[in-house]
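This is what each chain is made of:
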Amino acid sequence: MAGTWEGRLTFLRAIEPGDWEAIGALDADDTAQRLGDDLQLPRSRATLQAWADAEATRPRTDDNVRLAIVAFAEFRVVGLINVHGAQPRHRSFEYGITIGSKDQGKGYGREAVHLLLRYMFEELGYHSAHATVYAFNARSQRFHESFGFTPGGKLRESHFSGGRFHDELLYSITAREFADIYGSSL
Ligand SMILES: CC(C)(COP(=O)(O)OP(=O)(O)OC[C@H]1O[C@@H](n2cnc3c(N)ncnc32)[C@H](O)[C@@H]1OP(=O)(O)O)[C@@H](O)C(=O)NCCC(=O)NCCS
């Protein structure tokens, strides 16, 4: 049986202080950043180091988490994945992911989402996972649909980027749907 945090191509691990450089490279990848999140101002080396230090030592007080996606091939951080908006009472959570532009389309994203969702559903007992995808991000829409997420609903003109407003599309998958597609680990 493979380790909980290991796939065939990648593994997930906590952010380490030394990750500031890889995170800086993801920051500088404005194309990927704009597709996955708000486009930010460039951060200084000192700010990146402070951020990575804080993230590496942040006490766990809830199920929200940010993890590094590391490719086995070069033992290199290729992206970040996070859980936010976790609601234990409703057993629902949102997640976000960014793979650097040069590492997209290699199967890393699919594997990372699979590892994270399996843990959230099978170990923490969450019931539903949600993703918000910008209407201009056709690749992510295709990605979520091929993974097994169901599209449903949109927040109209709720995201401002590139000088205009865009819809945010909502995607979700339940624990049962995940198990039907991918089986259970035990
Ligand atoms: C969207 C994203 C997470 C997908 O991860 P990835 O590692 O590039 O995708 P994978 O290589 O694992 O591919 C998985 C699926 O994505 C789709 N996909 C991959 N490359 C694609 C491409 N060039 N065009 C369209 N769809 C593509 C396919 O459906 C693929 O399924 P398949 O393996 O059955 O063909 C990644 O491209 C990314 O981080 N993009 C920038 C930020 C972003 O959009 N984040 C998500 C915000 S909701």
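Bear in mind that the values here come from a model prediction, so they are computed numbers and not experimental data.

S.K.: Got a minute to help me understand the overall build of the protein chain in this structure?
M.R.: Scanning the protein chain for helices and strands turns up 6 helices and 7 strands. Element order for the protein chain, N to C, with α for helix and β for strand: β-α-α-α-β-β-β-α-β-α-β-β-α. The C-alpha radius of gyration computed for the protein chain amounts to 16 Å, which stays within 12% of the reference 16 Å derived for 186 residues, consistent with globular compactness. C-alpha atoms of the protein chain, sized along the principal axes, occupy 45 × 40 × 35 Å. Taking all 186 residues of the protein chain together, 26% fall into the buried category.

S.K.: Would you mind going over the environment of Ser92 with me for this structure?
M.R.: For Ser92, the location among the structural elements is in strand β4 (residues 92–99). As a C-alpha pair, Ser92 and Ser146 span 54 residues in sequence and 21 Å in three-dimensional space. Ignoring any residue separated from it by four or fewer positions in sequence, one finds Ser92 in contact with Gln87, Tyr126, His127, Ser128 and His130.

S.K.: Even after reading the chapter, I still don't get the site of the ligand, so can you show me in this structure?
M.R.: Around the ligand lies a shell of 21 residues, among which Gly36, Gln104, Gly109, Arg110 and Ser146 are the nearest. At the level of secondary structure, the elements contributing two or more residues to the shell around the ligand comprise α2 (30–36), β4, α4 (108–123), β5 (128–134) and α5 (138–147). Looking at which element gives the most residues to the shell around the ligand, the answer is α5, with 5 residues. Looking at the shell around the ligand, its residues break down into 8 nonpolar, 9 polar and 4 charged.

S.K.: Looking at this model, I keep getting lost on the sheet that holds strand β7 (residues 164–174). Mind explaining?
M.R.: Consider a sheet: its strands pair through backbone hydrogen bonds, and that pairing is either parallel or antiparallel. Ordered in space as β1-β2-β3-β4-β5-β7-β6, the 7 strands form an open sheet in which the pairing is mixed. The sheet terminates laterally at β1 (10–14) and β6 (150–161), the two strands that pair on one side only. Strand-to-strand, the axes of this sheet are offset by a mean angle of 30°, without reference to chain direction. Summarising the sheet, strand β3 (residues 76–87) and β4 pair through 7 bridges and their orientation is antiparallel. Bridging across to β4, Val83 finds its partner in Tyr95.

S.K.: Would you explain the packing of helix α1 (residues 20–28) against helix α3 (residues 45–57) in this entry?
M.R.: Relative orientation and spacing of two packed helices are given, respectively, by the angle between their axes and the distance between those axes. Here α1 crosses α3 at 120°, and the two axes come no closer than 9 Å. Crossing geometry of α1 relative to α3 is assigned as right-handed. Residues Trp20, Ile23 and Gly24 of α1 touch α3, and the partners they reach there are Leu48, Gln49 and Ala52. Its residues assigned to classes, the contact of α1 with α3 shows 4 nonpolar, 2 polar and no charged.

Cut-off values and rules
- Residues numbered from 1 in each chain as written.
- Predicted model: local features only at pLDDT ≥ 70, side-chain atom pairs only at ≥ 80, totals over all residues.
- Helix = DSSP H or I, 4+ residues; strand = E, 2+ residues; numbered from the N terminus.
- Rg over C-alpha atoms; globule rule 2.2 N^0.38 Å.
- Buried ≥ 20, exposed ≤ 12 C-beta atoms within 10 Å, placed from the backbone.
- Contact = placed C-beta atoms within 7 Å.
- Near = placed C-beta within 6 Å.
- Nonpolar A, V, L, I, M, F, W, Y, C, P; charged D, E, K, R; others polar.
- Pairing = 2+ DSSP bridges.
- Axes fitted to C-alpha atoms, helices over the stretch in contact; angles between N-to-C directions.
- Left-handed = near helix turned anticlockwise from the far one by under 90°.

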